[in-house]
Amino acid sequence: MRIGLFGRGRLGSAIATRGGNEIAWTIGREGDPPAEPKVEVAIDASSGGAVQKHLDWAIANGVDLVIGATGWNIPDLEARVGRSIGVV
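Residues numbered from 1 in each chain as written. Predicted model: local features only at pLDDT ≥ 70, side-chain atom pairs only at ≥ 80, totals over all residues. Heavy atoms only, no water.

Chemist: Any details on the overall build of the chain? Residues and values, ideally.
Modeler: Looking only at helices and strands, the chain has three helices and four strands in total. Listed N to C, the secondary structure of the chain is β-α-β-β-α-β-α in terms of helices and strands. On C-alpha atoms alone, the chain measures out to a radius of gyration of 12 Å, which is about the 12 Å that the 2.2 N^0.38 rule sets for 88 residues. Counting across all 88 residues of the chain, residues that qualify as buried make up 36%. Counting contacts in the chain only where the partners sit at least 6 residues apart, residues at least 24 apart contribute 39% of the total. In the chain, 9 positive and 10 negative side-chain charges are present, and the distance between their average locations comes to 6 Å. (Helix = DSSP H or I, 4+ residues; strand = E, 2+ residues; numbered from the N terminus. Rg over C-alpha atoms; globule rule 2.2 N^0.38 Å. Buried < 20%, exposed > 50% of the residue type's maximum accessible area, 1.4 Å probe, protein only. Contact = heavy atoms within 4.5 Å. Lys, Arg positive; Asp, Glu negative; His and termini not counted. Charge placed at Lys NZ, Arg CZ, Asp CG, Glu CD.)

Encoded structure:
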């Protein structure tokens, strides 16, 4: 499985060093997501403040998103995502 990874902190580094899957790209806090994702799923291991931006990117690109960041709040998450992507 090709994975895109948001976050280069402790969690992001731990995910990146686990075997079994291909990490296609890793983006730090200040980086912008790629225009052409070419991944099956993205993992957000960044900061709570960046989750909104990463969710917008995932919806726009049709990429499922696993959110591992803490400290975020998107009250209308279910309505925004609908059936367009999977979010965990």
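And the narrative resumes.
Chemist: Give a detailed account of the pairing of strand S3 (residues 41-44), specifying residues and quantitative values.
Modeler: Neither face of S3 is open: one carries Val41 and Ile43, the other Ala42 and Asp44, and all of them are buried. With four bridges joining them, strand S1 (residues 2-6) and S3 adopt parallel strand pairing. Among the inter-strand pairings, Ile3 is bridged to a residue of S3, identified as Val41. Two elements, S3 and strand S4 (residues 64-67), share four bridges in a ladder whose sense is parallel. Of the residues in S4, the one forming a bridge with Ile43 is Val66. (Pairing = 2+ DSSP bridges.)

Chemist: Kindly report on the sheet that holds S1, identifying the contributing residues and their values.
Modeler: On the basis of which strands lie adjacent, the open sheet formed by four strands has the order S2-S1-S3-S4 and parallel pairing. Whereas interior strands pair on both sides, the edge strands pair on one side only; in this sheet they are strand S2 (22-27) and S4. Averaged over all neighbouring strand pairs, the angle between strand axes comes to 25°, with direction disregarded. Running over the sheet, helix H2 (residues 51-61) touches S1, S2, S3 and S4 and is turned about 160° from S4. (Axes fitted to C-alpha atoms, helices over the stretch in contact; angles between N-to-C directions.)

Chemist: Hey, could you go over the packing of aromatic side chains for me, with residue numbers and the actual values?
Modeler: Using the criterion set out here, one finds three aromatic pairs in the structure. Here Phe6 and Trp25 contribute two aromatic rings whose centre-to-centre distance is 5.2 Å and whose plane-to-plane angle is 70°, an arrangement assigned as edge-to-face. Placement of the pair is Phe6 in strand S1 and Trp25 in strand S2, with a sequence separation of 19 residues. When its relative accessible area of 0% is taken as the criterion, Phe6 is described as buried. Classification of Trp25 by relative accessible area gives buried; the value is 13%. A centroid spacing of 5.6 Å and a plane angle of 90° characterise the contact between Trp25 and Trp57, whose relative ring orientation is edge-to-face. Residue Trp25 is located in strand S2, and its partner Trp57 is located in helix H2; the two are separated by 32 residues in the primary sequence. (Phe/Tyr/Trp six-rings, centres within 6.5 Å; stacked < 30°, edge-to-face > 60°.)

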